[in-house]
Amino acid sequence: MSLTNETLFARAQRVIPGGVNSPVRAFAAVGGTPKFITRAQGPYFWDAQGQRYIDYIGSWGPMILGHADQDVLHAVHEAMLMGFSFGTPTEAEVCIAETLCQLMASIEQVRLVSSGTEATMSALRLARGFTQRDKIIKFEGCYHGHSDSLLVKAGSGLLTFSEKNAQGAPSSAGVPADVARHTLVLDYNDSEQLEQVFAAYPDQIAAVIVEPLAGNMNLVRAHAEFLKTLRRLCDAHGTVLIFDEVMSGFRVALGGVQALTAIRPDLTCLGKIIGGGLPMAAFGGRRDIMAHLAPLGPVYQAGTLSGNPIAVAAGLATLKKIQAPGFYDRLHAQTRKLVDGIILHARTAGVACCADHVGGMFGIYFSKTIPQAYAGVCESDIDMFKRFFHAMLSAGVYLAPSAFEAGFVSIQHDDQVIEETLLAVEQSFASMQVV
Ligand SMILES: Cc1ncc(COP(=O)(O)O)c(C=O)c1O
C-alpha cells in the first residue's frame, strides 16, 4: 500500500500523542490532516504523496537560507566526519560565541543550549539569581517556550488550543499555581499597565521578558515608545530586561530587533536561525549578569548536547551566509512583494484582509486593520483564515496552520516563487467570495 498523509497520520496517532511531536504541527485549528514531509529543497518541500508545496513555515523560522543549502550541508558533512558529540569544549563553540557577540550589539557573553525553551528558561533563572527576586513580567500572546514560569497566557500553540485564561493562571495543566503566581501578565504595547505594575511592585520584579517583535500571536509589532518605556522602567527598578529574539533574531535584520530599535536588552535569547535547522539556541548579554552562571557563579545551567559540534557547524555556516552584503535587503524586498501582493488581491476581491512584515517575517490578518496586541488578533475572522489556509494548501502553498502564527520567507523565495504564491492568493480569495 502506498503511503498517504492519512495512513501515516493514523499510524502516528497510535504511537505519538495527537500524532505530532509539537502541537502546532497538527491541523487541529484548521481541520484536516497534516502533511508528512519527506524532503525539502530551496523554497519547497514535498509530502509523502509527492505533492510539492511552497513552504512559508521554514521549520517555524530557522530555514532563512531555504532548505538543504549546499554550504550548510557541506559544513555539516565535514563536522560529522570528525565525530558527533564530545561533551568537551571545542573551537567551533568559541567561534560561534564570538560571532554572536560580534553580531548582537547587547551580547558580551553567550551560553549555547539546545532549544529556545532552554534559552528562555535559563535566562529567567539567571535573572532571578542575579536580582534575588521571584516575580517576572510577560505579555499576553507572547510565547517563550514551554517552561513552567512562561506557560501563562502564552502564544503560539497555546493560543490555538487553550481556553482563554484567567489572569496569572497557567496556560497548561501541570504548571503549579504557586509557580504561575510569580508571572505577571500584561497587555502587549500597553505602557500604562507597565508603569502601574512597577509602581505596585517597585523592588520585586526580577525580569521582564518580551518578544520585541511578536511572532506567536501572528505578527504584532512592538511600538517604539513601549520598548523605550520597558528599558526606562527596568533601569529604574533594577529589573533585567530580556528580549526573546528566538524568532526575530537574524530574521528581521542581522542584529535582530535590537538593531532596528537601538534599545539594548540586558539579556537576549536566540534560537532557530543560529542552528541553521539543527537543535541549537543561546542566551547571552551583560557580562556582569552572565558571570552569575555556573561554573563562575551560583546559577546552575547545563546541557549534555549544548554546543553540539554538528549543530554549531550548521549555525556557523548559516551565520556566515546571512552576513553577505545585500542579504537582508533582498529578503526584505521579496517579503515586501509577497505582502503587497496579498494586500492588492484582498482589495480587488473585497476581502477584509491585511498583511504586514518586518524583514523575512510576515503576518496575514483577516481584519480591517493590523492588530496591535493579542485582543486585536482575537477579533480577526478565524473562519476566513481557515478557508484561506485550505484554499492555499490545495493550490500548493503551505502556510502555518493557525491564525496565531507568523509566516517566514527564505532567501530562496525568488520572484517566480512569489508570483506563483500570489496567483494562489488571487484564486483563493476568489473562491472564498463565492461560498
Ligand atoms: C519567541 C520564541 N521563544 C521561544 C521559543 C521556544 O523555542 P523552542 O521551540 O526551540 O523551544 C519559540 C518557539 O517558537 C519562540 O518563537
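Everything numeric here is computed off the predicted structure, so don't read it as measured data.

Conventions used here
Residues numbered from 1 in each chain as written. Predicted model: local features only at pLDDT ≥ 70, side-chain atom pairs only at ≥ 80, totals over all residues. Helix = DSSP H or I, 4+ residues; strand = E, 2+ residues; numbered from the N terminus. Rg over C-alpha atoms; globule rule 2.2 N^0.38 Å. Contact = placed C-beta atoms within 7 Å. Expected span 1.5 Å × (residues − 1). Buried ≥ 20, exposed ≤ 12 C-beta atoms within 10 Å, placed from the backbone. Domains from an automatic or database assignment. Nonpolar A, V, L, I, M, F, W, Y, C, P; charged D, E, K, R; others polar. Axes fitted to C-alpha atoms, helices over the stretch in contact; angles between N-to-C directions. Left-handed = near helix turned anticlockwise from the far one by under 90°. Near = placed C-beta within 6 Å. Pairing = 2+ DSSP bridges. Core = buried A, V, L, I, M, F, W, Y, C linked by C-beta atoms within 7 Å. Arc of directions from axis to C-beta.

K.L.:
Help me understand the overall build of the protein chain in this model?
P.N.:
Each helix and strand in the protein chain was counted, giving 15 helices and 16 strands. In summary, the protein chain has a C-alpha radius of gyration of 21 Å against a globular reference of 22 Å for 435 residues, a match within 12%. Counting only C-alpha atoms, the protein chain reaches 60 × 55 × 45 Å along its principal axes. Put simply, of all contacts in the protein chain between residues at least 6 apart along the chain, 72% involve residues at least 24 apart.

K.L.:
Is there a simple way to explain helix α12 (residues 327–349) in this structure?
P.N.:
With 23 residues, α12 extends 33 Å from end C-alpha to end C-alpha; this agrees with the ideal 33 Å at 1.5 Å per step. All of the buried residues in α12 are Tyr328, Leu331, Gln334, Thr335, Leu338, Val339, Ile342, His345 and Ala346. Backbone geometry just after α12 places Gly350 at a positive phi near 70°.

K.L.:
I tried to follow the domain arrangement of the protein chain on my own but got confused; where do I start?
P.N.:
How large an interface is tends to be reported as the accessible area lost when its parts come together. Along its sequence, the protein chain is organised into domain 1 (5–68 + 325–434) and domain 2 (70–322). A separation of 25 Å is found between the C-alpha centroids of domain 1 and domain 2. Counting residues per element, the ones that place at least two in the side of domain 1 that touches domain 2 are α12, β13 (354–358), β14 (361–365) and α13 (374–378). Considering every element that reaches the side of domain 1 that touches domain 2, the biggest residue donor is β14, with four residues. Grouping the constituent residues of the side of domain 1 that touches domain 2 by class yields 22 nonpolar, seven polar and two charged.

K.L.:
Can you help me understand the environment of Ile289 in this one?
P.N.:
Take Ile289: it is sitting in helix α10 (residues 287–290). The spatial distance from the C-alpha of Ile289 to the C-alpha of Leu126 is 7.6 Å, given a sequence separation of 163 residues. Setting aside anything within four residues of it in sequence, one finds Ile289 in contact with Leu126, Phe130, Val240, Asp266 and Leu267.

K.L.:
Please explain the packing of helix α3 (residues 91–103) against helix α11 (residues 309–322) as it appears in this structure.
P.N.:
For any two helices packed against each other, one specifies the crossing angle of their axes together with the interaxial distance. Here α3 crosses α11 at 35°, and the two axes come no closer than 10 Å. Between α3 and α11 the crossing geometry is left-handed. Facing Ala92, Glu93, Cys95, Ile96 and Thr99 of α3, the residues of α11 in contact are Pro309, Val312, Ala313, Gly315, Leu316 and Leu319. Residue classes in the contact of α3 with α11 are distributed as eight nonpolar, two polar and one charged.

K.L.:
How do you make sense of the site of the ligand when you look at a structure like this?
P.N.:
Taken together, 17 residues form the shell around the ligand, and within it Ser115, Gly116, Thr117, Gly145 and Val246 come nearest. When residues of the shell around the ligand are assigned to their parent elements, the largest contribution, three residues, is made by helix α4 (residues 116–131). For the shell around the ligand, a count of residues per class yields five nonpolar, ten polar and two charged.

K.L.:
Help me understand the pairing of strand β10 (residues 240–244), please; the structure alone is not making it clear to me.
P.N.:
Every other side chain in a regular strand lies on the same face of the sheet, so the side chains alternate between the two faces. Among the five residues in β10, five count as buried, and that is most of the element. Residues of β10 alternate between two faces, with Val240, Ile242 and Asp244 on one and Leu241 and Phe243 on the opposite face, all of them buried. Strand direction decides the pairing type here: strand β7 (residues 205–210) and β10, joined by four bridges, are parallel. Opposite Ile209, over in β10, you have Ile242 as the bridge partner. As paired strands, β10 and strand β11 (residues 267–270) are joined by three bridges and run parallel to one another.

K.L.:
Can you help me understand the nonpolar core in this one?
P.N.:
Side chains of nonpolar character tend, in soluble globular proteins, to be buried together. Within the largest apolar cluster, 129 residues are counted, with the highest numbers of intra-cluster contacts made by Ala127, Val208, Val240, Ile242, Ala282 and Ala313. Considering each element in turn, this core owes the most residues, eight residues, to α11. Taken domain by domain, this core gets at least three of its residues from each of domain 1 (5–68 + 325–434) and domain 2 (70–322).

K.L.:
Help me understand helix α8 (residues 224–237) in this model?
P.N.:
Think of an α-helix as 3.6 residues a turn; residues three or four steps apart then line up on the same face. Taking 1.5 Å of rise per residue, 14 residues should cover 20 Å, and α8 covers 20 Å from first to last C-alpha, within 8% of that figure. By the burial criterion, the buried members of α8 are Phe226, Leu227, Leu230, Leu233 and Cys234. Along the axis of α8, the buried positions cluster into a sector of 130°, meaning they face one direction only. Those residues of α8 that are exposed and angled more than 90 degrees off the buried face are Ala224, Glu225, Asp235 and Ala236. Of the residues trailing α8, Gly238 is marked for its positive phi of about 65°.

K.L.:
I keep staring at the sheet that holds strand β1 (residues 37–41) and nothing clicks. Help me out?
P.N.:
Through backbone hydrogen bonds, the strands of a sheet pair up, either in parallel or in antiparallel fashion. Taken together, four strands build an open sheet; the order of strands is β1-β2-β3-β15 and the sheet is mixed. Two strands lie at the open edges of the sheet, namely β1 and β15 (397–398), each paired on one side alone. In this sheet, β15 lies alongside strand β3 (residues 52–55) in parallel orientation, the contact comprising two bridges. Opposite Ile54, over in β15, you have Val397 as the bridge partner.

K.L.:
What exactly am I supposed to notice about the pairing of β3 here?
P.N.:
In the sheet, strand β2 (residues 44–47) pairs with β3 via three bridges, with the strands oriented antiparallel. Across the sheet, the residue bridging to Trp46 is Arg52, located in β3. In this structure, the hairpin formed by β2 and β3 is closed by a connection of four residues, where Gly50 is found at a positive phi of approximately 85°.

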